[in-house]
Amino acid sequence: MSVKSKIRVRIAPSPTGFVHVGNVYGALFNYAFARKNNGTFILRIDDTDQKRHVEGAEEVLYSGFEWLGIRWDEGPDKGGQYGPYKPSEKIDKYQKIAHDLVNQGLAYEEDGAIKLKSPKKDFSWNDAIRGEITFPETEVKDFVILKSDGFPVYHFNSVVDDIEMEITHVIRGEEHISNTPRQIALFEALKASPPVFAHFPTLRNSEHKKLSKRRDPVDLRLYREAGYLPEALVNFLCLLGWSHPEEKEIFSINEFIDKFSLERVRKAGPIFDSKKLDWINGMYIRQLTDDEFIRHLKTHLSSDTNDEFLGKITPLIKERINKLADAEDLLKFFWEKPQVEKPLFENEQSTLHIASALETLRKVPGWSLEEINSSLKKAIEEKGFKTGDFYMTMRLVLAGKKVTPPINESMEILGKEETLSRLETAERVMTFSPR
Ligand code: GLU
């Protein structure tokens, strides 16, 4: 096997200061393709645009991908034989190569910049995702490769590095299709055979428009903060871009790698459907053990809650939430008394519900769930209440809202004293304040 036949792929994100979900999506294809074929996956940070330099951007990239569990084999942080992995560290190299092209008559200087001469021919390639693509001769005019400030343009450093790093497959978004003819022209000028190109479709929002950082939540950190599990987000992104041969929707990254092929990459613009993401995330949350769930939950709660409490509430909410950040809203009433006001209670029997609950629960000898359940059930039957209405009143009294964890279980956790105290507060509110 020749050296060149070992598969080598790269992602080349710009250091923009955030990881775009589209970067993750593209990274997954490259990562899976490399792993599946025993190849090498490389991170190159496309940092030649000095004007757009953002402080700390590299760390954001590293921590984002680390959270996702996506690791590269070579990169600025890992090193490797083909470094440096930041073009800004080899500017002199690009300059030398550009001048070599001038000396060979393939490029020329103009106003201090260096331009590649148009090869004046059609360009076509067999795209591994889209098949044959051809651009007419007019597409590639003479173009700048080295700016007058001595910095390479993206096309140039990208092609030089793809050659030097022995990249075999360039797998990237469809927005780069129109760049490909100029890059092929550069590969040919540099007497290198172009890699295989594979252009996957760009992610779109629910209005079928390309995800944009102004319009859409594209920053990876937002997903982490909202309590998406990295495995779920990865599963979702894989599913957007690729179809599982058995049409499965829930699968691990290892299964993705195992079954991956460029042929199965979807060709139509995938829609970033956040409802689907929530559903997938919910599936992953339910697969967590209680201990894992608690560990994740802790990082998403404002209150310093103890493990005993978390252990009790876990069975009440693990089945109910799709994002860890939703837990705060659902649980806040445990450590924060709710605002209870009269207009909250729409049912005209609310006052009776409260009075009866108070009377009954005061008499309960202990405070087991069993006792709470049976005594309230009896009260409801005796008074002829509608069960649903009665418990809605209890939710409003204890939590101040209609959606809560199972309410008798919540009473048990709140404790007898606190439950009675909230019922008493509600009774006062219903009796004395104007409607
Ligand atoms: N910096 C470019 C991007 O993030 C790299 C494109 C490429 O893969 O060639 O889109």
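Structure's up top.
A brief look at the structure comes next.

The rules we used
- Residues numbered from 1 in each chain as written.
- Predicted model: local features only at pLDDT ≥ 70, side-chain atom pairs only at ≥ 80, totals over all residues.
- Heavy atoms only, no water.
- Helix = DSSP H or I, 4+ residues; strand = E, 2+ residues; numbered from the N terminus.
- Expected span 1.5 Å × (residues − 1).
- Buried < 20%, exposed > 50% of the residue type's maximum accessible area, 1.4 Å probe, protein only.
- Contact = heavy atoms within 4.5 Å.
- Core = buried A, V, L, I, M, F, W, Y, C linked by side-chain atoms within 4.5 Å.
- Lys, Arg positive; Asp, Glu negative; His and termini not counted.
- Salt bridge = Lys/Arg side-chain N within 4 Å of Asp/Glu carboxyl O.
- Polar contact = N/O pair within 3.5 Å; in protein donor to acceptor, adjacent residues only side chain to side chain.
- 1 Å grid on protein atoms, 1.4 Å probe; cavity = no way out; pocket = protein on both sides within 12 Å on 5 of 7 lines; lining within 4 Å.
- Points joined across faces, edges and corners; volume = space filled by probe spheres on them.
- Nonpolar A, V, L, I, M, F, W, Y, C, P; charged D, E, K, R; others polar.
- Near = heavy atom within 4 Å.
- Areas by Shrake-Rupley, 256 points an atom, 1.4 Å probe, with all protein chains shown as cover.
- Axes fitted to C-alpha atoms, helices over the stretch in contact; angles between N-to-C directions.
- Parallel < 35°, antiparallel > 145°, perpendicular 65-115°, else oblique.
- Arc of directions from axis to C-beta.

Bringing helix 15 (residues 387-399) into the picture now. Between the first and last C-alpha of helix 15 there are 18 Å, a value that for 13 residues agrees with the 18 Å anticipated at 1.5 Å per step. Residues Phe390, Tyr391, Thr393, Met394, Arg395, Leu396, Val397, Leu398 and Ala399 constitute the buried set of helix 15. Each element contacted by the buried residues of helix 15 is listed here: helix 12 (326-335), helix 13 (350-363), helix 14 (369-383), helix 16 (407-414) and helix 17 (416-432). Just downstream of helix 15, glycine 400 is the residue with a positive phi angle, here 75°.

For the rest of this paragraph, the subject is the nonpolar core. Among the nonpolar cores identified, the biggest contains 102 residues, and Phe65, Leu237 and Phe272 are the most heavily contacted of them. Top contributing element to this core by residue count: helix 1 (residues 21-36), with ten residues. Discounting residues that sit within four places of it in the chain, phenylalanine 272 has contacts with Val21, Leu203, Arg204, Leu211, Tyr223, Phe236, Leu237, Leu240 and Leu277. Listed in part, the 35 residues of the second largest apolar core include Val140, Ile177, Phe187 and Ala189.

What follows concerns the side chain of aspartate 127. Summarising the element assignment, aspartate 127 is placed in strand 5 (residues 123-127). Lacking a salt bridge, the buried aspartate 127 has arginine 130 as its closest oppositely charged neighbour, with an N-O distance of 5.2 Å. From its side chain, aspartate 127 meets the backbone nitrogen of isoleucine 129 in a polar contact 3.0 Å long. Side-chain polar atoms of aspartate 127 contact the backbone nitrogen of arginine 130, separated by 3.1 Å. Once residues within four sequence positions are removed from consideration, aspartate 127 is found in contact with Glu132, Ile133, Phe197, Ala198 and His199.

There is about 1,200 Å³ of room inside the largest pocket. Lining the largest pocket are 39 residues, and of these Ala12, Ser14, Asn23, Glu175 and His176 lie nearest its centre. Those elements that place two or more of their residues in the lining of the largest pocket are strand 1 (8-11), helix 1, helix 4 (154-164) and strand 8 (169-173). With six residues, helix 1 is the single largest residue contributor to the lining of the largest pocket. Of the residues that constitute the lining of the largest pocket, the class distribution is 15 nonpolar, 13 polar and eleven charged. Looking at the second largest pocket, its volume works out to about 290 Å³. Lining the second largest pocket are 20 residues, and of these Pro15, Arg52, His53, Val54 and Ala57 sit closest to its centre. For the lining of the second largest pocket, the residue count by class is four nonpolar, seven polar and nine charged.

On to unusual backbone geometry. Following glycine 83, the chain continues into proline 84 via a peptide bond in cis, with omega recorded as 0°. Examined against the element boundaries, proline 84 turns out to sit in the loop between helix 2 (57-68) and helix 3 (91-103). Positioned with a positive phi, lysine 120 is a non-glycine residue whose angle comes to about 50°. Secondary-structure assignment places lysine 120 in the loop between strand 4 (113-116) and strand 5. For glutamate 247, which is not a glycine, the phi torsion comes out positive at approximately 60°. Note on placement: glutamate 247 falls in the loop between helix 7 (230-241) and helix 8 (253-259). The class for glutamate 247 is exposed, based on a relative accessible area of 63%.

Quick look at the site of the ligand now. In the neighbourhood of the ligand, the contacting residues comprise Arg10, Ala12, Pro13, Ser14, Asp46, Tyr154, Ser158, Arg172 and His176. Between the ligand and the protein, one listed contact pairs an oxygen atom with a side-chain N or O atom of arginine 10 at 2.7 Å. Interatomic distance of 2.7 Å between a side-chain N/O atom of tyrosine 154 and an oxygen atom of the ligand. Surface burial for the ligand is 82%, taken as the share of its 300 Å² of free accessible area covered by protein chains.

Another aspect to go through is the packing of helix 1 against helix 7. For the pair helix 1 and helix 7, the least separation of the axes is 10 Å and the interaxial angle reads 75°. The pairing of helix 1 with helix 7 is recorded here as roughly perpendicular in orientation. Where helix 1 approaches helix 7, its residues Val21, Val24, Tyr25, Leu28 and Phe29 are matched on the opposing element by Val234, Leu237, Cys238, Leu240 and Gly241. Here the residues of the contact of helix 1 with helix 7 sort into nine nonpolar, one polar and no charged.

Attention now moves to helix 10 (residues 290-298). Of the residues making up helix 10, those classed as buried are Phe293, Ile294 and Leu297. End-on view of helix 10: buried residues confined to an arc of 100°, all on one side of the axis. Exposed and facing more than 90 degrees away from the buried side of helix 10 are Asp291 and Arg295. The inward-facing, buried residues of helix 10 abut helix 9 (274-287), helix 11 (307-317) and helix 12.

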